[in-house]
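Residue-level listing of the chains:
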Amino acid sequence: RTSVQARAESAADEHSAGVYVRDDIELLPGVHATIGARYDDGVYADAQQTTSDVTFNRWNPFGGVSIRLSPVTTIHAAAFRNTNGNFISSKMSPPTVAGFVFERNELPTAERREEAISIQDGWGRSFLEARVFTRQTVAPAFVVSAESLPAIIAPLAAVLTPPDANFHAKGL
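So, how was this worked out
Residues numbered from 1 in each chain as written. Predicted model: local features only at pLDDT ≥ 70, side-chain atom pairs only at ≥ 80, totals over all residues. Heavy atoms only, no water. pLDDT = per-residue confidence, 0-100. Helix = DSSP H or I, 4+ residues; strand = E, 2+ residues; numbered from the N terminus. Buried < 20%, exposed > 50% of the residue type's maximum accessible area, 1.4 Å probe, protein only. Contact = heavy atoms within 4.5 Å. Patch = residues over 30% accessible without salt bridge, like charges linked within 9 Å, V, L, I, M, F, W, Y side chains within 5 Å. Areas by Shrake-Rupley, 256 points an atom, 1.4 Å probe, with all protein chains shown as cover. Salt bridge = Lys/Arg side-chain N within 4 Å of Asp/Glu carboxyl O. Core = buried A, V, L, I, M, F, W, Y, C linked by side-chain atoms within 4.5 Å. Pairing = 2+ DSSP bridges. Phe/Tyr/Trp six-rings, centres within 6.5 Å; stacked < 30°, edge-to-face > 60°.

**Notes on the confidence of the model for the protein chain**
Close reading of the predicted structure is inappropriate where its pLDDT is low.
Then comes step 1: Mean pLDDT over the protein chain stands at 82; residues scoring 70 or higher make up 84%.
Then comes step 2: The element-level mean pLDDT for the protein chain is lowest in strand β5 (residues 96–97), coming to 79, with strand β4 (residues 73–83) highest at 92.

**Describing the side chain of Thr 137**
Then comes step 1: Turning to its location among the elements, Thr 137 is positioned in strand β8 (residues 126–138).
Then comes step 2: Judged by its relative accessible area of 1%, Thr 137 falls in the buried class.
Then comes step 3: Apart from residues lying up to four places away in sequence, Thr 137 is in contact with Glu 106, Ala 110, Glu 111, Arg 112, Ala 165, Asn 166 and Phe 167.

**Notes on the environment of Val 97**
Then comes step 1: Position of Val 97 relative to the elements: it lies in strand β5.
Then comes step 2: Taking the relative accessible area as the measure of exposure, Val 97 reaches 0% and is therefore buried.
Then comes step 3: As a C-alpha pair, Val 97 and Asp 24 span 73 residues in sequence and 9.3 Å in three-dimensional space.
Then comes step 4: The residues contacting Val 97, other than those within four sequence positions of it, are Arg 22, Thr 34, Phe 62, Gly 63, Gly 64, Ala 78, Phe 80 and Phe 102.

**Concerning a nonpolar patch on the surface**
Then comes step 1: Together, Ile 152, Ile 153, Leu 156, Val 159 and Leu 160 give the surface a local cluster of nonpolar side chains, amounting to about 500 Å² of exposed area.
Then comes step 2: One can find Leu 160 in helix α1 (residues 157–160).
Then comes step 3: Look at Leu 160 and you get partly exposed, because its relative accessible area is 43%.

**Quick word on the nonpolar core**
Soluble globular proteins tend to pack their nonpolar side chains together in the buried interior.
Then comes step 1: Core analysis: the largest hydrophobic core is formed by 10 residues, namely Phe 62, Ala 78, Phe 80, Val 97, Ala 98, Phe 100, Phe 102, Ala 116, Phe 133 and Ala 169.
Then comes step 2: In this structure Phe 80 touches Pro 61, Phe 62, Val 97, Phe 100, Val 101, Phe 102, Arg 112, Arg 113 and Glu 114, once residues within four positions along its chain are discounted.
Then comes step 3: Judged by nonpolar contacts, the second largest core, of 8 residues, contains Leu 107, Ala 110, Ala 141 and Phe 142.

**A word on the pairing of β8**
Then comes step 1: One ladder, built from 13 bridges, connects strand β7 (residues 111–123) with β8; its direction is antiparallel. Pairing of Ala 116 across the sheet is with Phe 133, part of β8.
Then comes step 2: Here β7 hands over to β8 after 2 residues, with Gly 124 in that stretch at a positive phi of 55°.
Then comes step 3: Pairing analysis gives 6 bridges linking β8 to strand β9 (residues 166–171), with the strands arranged antiparallel. Paired with Thr 134 across the bridge in β9 is Lys 170.

**Observations regarding the packing of aromatic side chains**
Then comes step 1: Here the structure, examined in full by the defined rule, presents 2 aromatic pairs.
Then comes step 2: Look at Tyr 39 and Trp 59: their rings are 5.1 Å apart centre to centre, the planes differ by 50°, and that puts the pair in the tilted class. Within this pair, whereas Tyr 39 is found in strand β2 (residues 31–46), its partner Trp 59 is found in strand β3 (residues 54–70), the two being separated by 20 residues in sequence.
Then comes step 3: Taking relative accessible area as the criterion, Tyr 39 reaches 24% and is therefore assigned partly exposed.
Then comes step 4: Measuring from centroid to centroid gives 5.7 Å for Tyr 44 and Phe 142, while their planes differ by 40°, and the two rings are tilted. Separated by 98 residues along the polypeptide, Tyr 44 in strand β2 and Phe 142 in the loop between β8 and α1 bring together distant segments of the chain. An identical accessibility class is assigned to Tyr 44 and Phe 142; each is buried.

What follows is the structure, encoded as structure tokens:
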């Protein structure tokens, strides 16, 4: 019988606070708009990283529109920014704008900008949705810069940065 025991102490210190203002407006029957902003303020510190603490204080505006073309067909469009202030992505503000989610499973400090359009259609017991989006995400606490590394490995900064710490995605 073999027993393996690992003892490693790891800790991260994070705290964040936020406030938001939002208004959902019925512009016309079947046309709804959402507009607002959220302010996120916080600090993320990871004892396992060589980088300094990351402080963020950022306004995250958002807006969206939903247009019901028929009883079963709706077009949604939204544009927004989001700052992921903590590991559990917990916020009191509503989780969506025009049907698109703010929170994703992202690294702490991730700053995301997203634009999206979708069309939804249903018939009988079936449902179809097509969505087009663009998303840019940067997590400053996890981006490795050449300046933070010894000169001999500085050219590897991009390789040492986790893939989800700095990426741009487009999709359908």
